Amino acid sequence: MICSEAFITTANAMADVRGAPGYRYLTTPHPVAGLTPDQVRQRAEAIADQVSRLLAQ
Amino acid sequence: MTAPDRDVAQAAATPDPDLAREAIEYCYEQGWTDGLPVVPASEGLLEQFLAHTGRSPDEVLWRMDHLDRECTVRTAAINAAMAGCLPEYFPIVLGAWDAVMRDRAAKGGGWQSTSGPAPLIVINGPIRDELGINSTGGIFAAGFRPNATIPRALGLMLRNAFGVVPHVFDQTTQGIPGRWAICFGENEEESPWESLAVETGLEPGANAVSCTLTRTYEFVDNRHTQDAEQLLADFADTLSRTGSLIFRGQSAGVVFCPEHAQMLAGAGYSKGDVKDWFIQHVGRAEADLRRAGKDGVSGSGPGARSASESERAPADEFTPFFSARKDVPIIVAGARNAAISMVFRVFGEWSNTSVEIEPAPVTAAKGG
């Protein structure tokens with residue numbers, strides 16, 4: 001899971017309520033909504049390695 | 001009775017304010033309040049609420065699977081009591097909840113939205129008079145117990161049953177002023193048109209509640225013209241704001257004051273005619289949308305973000321905001337003392353239905 005940094009509190013609370021406290025996920029800088037498709041692609045490239053590592057754990 | 005006896009009797013009849021405050025503070029400590037004091041709910045009070053519905057206390061009104069939480073009729077009753085409702089209001093609270101949960105947005109996580117949408121609750125039928133629900137002067141203002149406490153009950157249900165509290169599961173960025181305080185009767189007596197409940201398919205005279213999630217409220221003060229088209233154009237200008245545009249396809253309505261509604265009806269407009277006029281005239285030219293960075297909602301644009309060069313429509317192309325009558329809810333309420341109405345924007349999509357308010361069981365109606 002990836003969420004923007006503005007939603008960390010909610011994401012952690014969600015993990016708690018689903019019985020998975022400390023659930024590991026990745027974050028990307030906020031905001032995301034106004035990004036162009038190219039900017040979204042850059043974000044994806046920047047985080048791709050971390051996604052691979054997290055999935056491999 | 002001697003004087004000391006009278007003092008003792010009087011003291012026994014007067015509630016102890018210190019005890020009351022202690023109970024209220026206890027509720028604060030439990031995190032049960034929305035910031036204002038709540039009415040401490042006893043078992044006895046809860047029983048009175050439950051006596052006003054034929055539904056089982058254990059019936060699940062709604063379940064939010066992702067939060068693993070649900071609200072039963074009993075939990076709703078406790079929160080309605082804490083909100084300051086009278087037991088007689090409880091069938092309306094249940095009906096309002098059922099009505100708003102017909103909204104796709106409410107079912108889809110709207111309660112936790114960064115928009116912080118407010119439920120708009122409209123009540124039709126003779127129950128308005130029976131319970132003292134305000135439908136005339138000051139419908140958006142304070143001063144009437146059912147108008148103030150019924151929407152607050154929904155807010156407390158969200159908080160206490162589902163755990164949707166600010167800064168955690170309630171992700172509201174700023175929210176709507178009076179988020180838990182928008183509830184009024186339709187002014188059927190001074191409306192020239194069929195009521196909202198009848199329009200949505202219920203029988204005339206039925207007690208009904210309608211509810212949808214809303215984003216903003218903005219007044220239209222027009223005592224300046226007697227020309228219906230000019231008046232409609234003034235409303236269309238407010239309905240055509242770019243600031244509230246998010247996606248392609250909008251929904252916004254009007255709470256007409258009786259004076260505006262009667263003027264339009266006098267010029268031959270039915271409620272449907274007014275909706276059709278708005279469908280035709282509410283919207284913006286591509287150039288306006290582009291100026292605001294919202295040309296993505298027009299032409300072949302992507303929707304939520306600004307359009308690229310190839311996605312743009314011609315500068316003078318008009319983008320209508322509404323596509324169907326259901327996108328433009330119309331209600332008549334307020335006093336007939338000035339030509340002041342309210343435009344409101346629907347958060348998602350109104351279900352375009354009303355819920356018939358369940359009559360209280362006979363035992364409760366008799367005060368049992």
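Residues numbered from 1 in each chain as written. Chains lettered and ligands numbered in written order. Predicted model: local features only at pLDDT ≥ 70, side-chain atom pairs only at ≥ 80, totals over all residues.

K.L.:
How do you make sense of unusual backbone geometry when you look at a structure like this?
P.N.:
Trans peptide bonds make up the majority, and among non-glycine residues the majority have a negative phi. Residue A:Pro31 is reached from A:His30 by a cis peptide bond, and omega for that bond is 0 degrees. Tracing the backbone through its elements, the reader meets A:Pro31 in the loop between strand S2 (26-28) and helix H2 (37-56). In this structure, B:Asp68 takes a positive phi of about 55 degrees despite not being glycine. Here B:Asp68 shows up in the loop between strand S1 (60-64) and strand S2 (69-72). (Helix = DSSP H or I, 4+ residues; strand = E, 2+ residues; numbered from the N terminus.)

K.L.:
Which parts of the structure should I look at to understand the interface of chain A and chain B?
P.N.:
A common way to report how large an interface is uses the accessible area buried once the components associate. Across the boundary between the two partners, chain A contributes six residues, which contact eight residues of chain B. Of the residues that constitute the side of chain A that touches chain B, the class distribution is three nonpolar, three polar and no charged. (Contact = placed C-beta atoms within 7 Å. Nonpolar A, V, L, I, M, F, W, Y, C, P; charged D, E, K, R; others polar.)

K.L.:
What is the right way to look at the pairing of strand S6 (residues 252-256) of chain B in this model?
P.N.:
Looking along a regular strand, one sees the side chains alternate between the two faces of the sheet. Residue and element names in this part refer to chain B. A large share of S6 lies buried, amounting to five of its five residues. The two faces of S6 match: Ala 252, Val 254 and Phe 256 on one face and Gly 253 and Val 255 on the other face are all buried. Pairing of S6 with strand S9 (residues 330-332), which is carried by three bridges, proceeds in the parallel orientation. From the neighbouring strand, Val 255 faces S9, where its bridge partner is Ile 331. (Buried ≥ 20, exposed ≤ 12 C-beta atoms within 10 Å, placed from the backbone. Pairing = 2+ DSSP bridges.)

K.L.:
Teacher, can you tell me more about helix H10 (residues 228-239) of chain B here?
P.N.:
An α-helix turns once per 3.6 residues; consequently, residues spaced three or four apart project the same way. Residue and element names in this part refer to chain B. Relative to the 16 Å expected for twelve residues at 1.5 Å per residue, H10 spans 16 Å between its end C-alpha atoms, a close match to the ideal helical length. Along H10, the positions that sit buried rather than exposed are Leu 231, Leu 232, Phe 235 and Leu 239. Along H10, the residues classed as buried sweep out an arc of 95 degrees about the axis, all on the same side. Contact partners of the buried residues in H10: strand S5 (208-221), S6, helix H11 (258-266), helix H12 (271-281) and strand S10 (340-346). (Expected span 1.5 Å × (residues − 1). Arc of directions from axis to C-beta.)

K.L.:
Which parts of the structure should I look at to understand the environment of B:Cys183?
P.N.:
Residue and element names in this part refer to chain B. Summarising the element assignment, Cys 183 is placed in strand S4 (residues 183-185). When the 29 C-beta atoms within 10 Å are taken as the criterion, Cys 183 is described as buried. Residues within four places of Cys 183 in sequence aside, it is in contact with Ile 121, Asn 147, Ile 150 and Pro 151.

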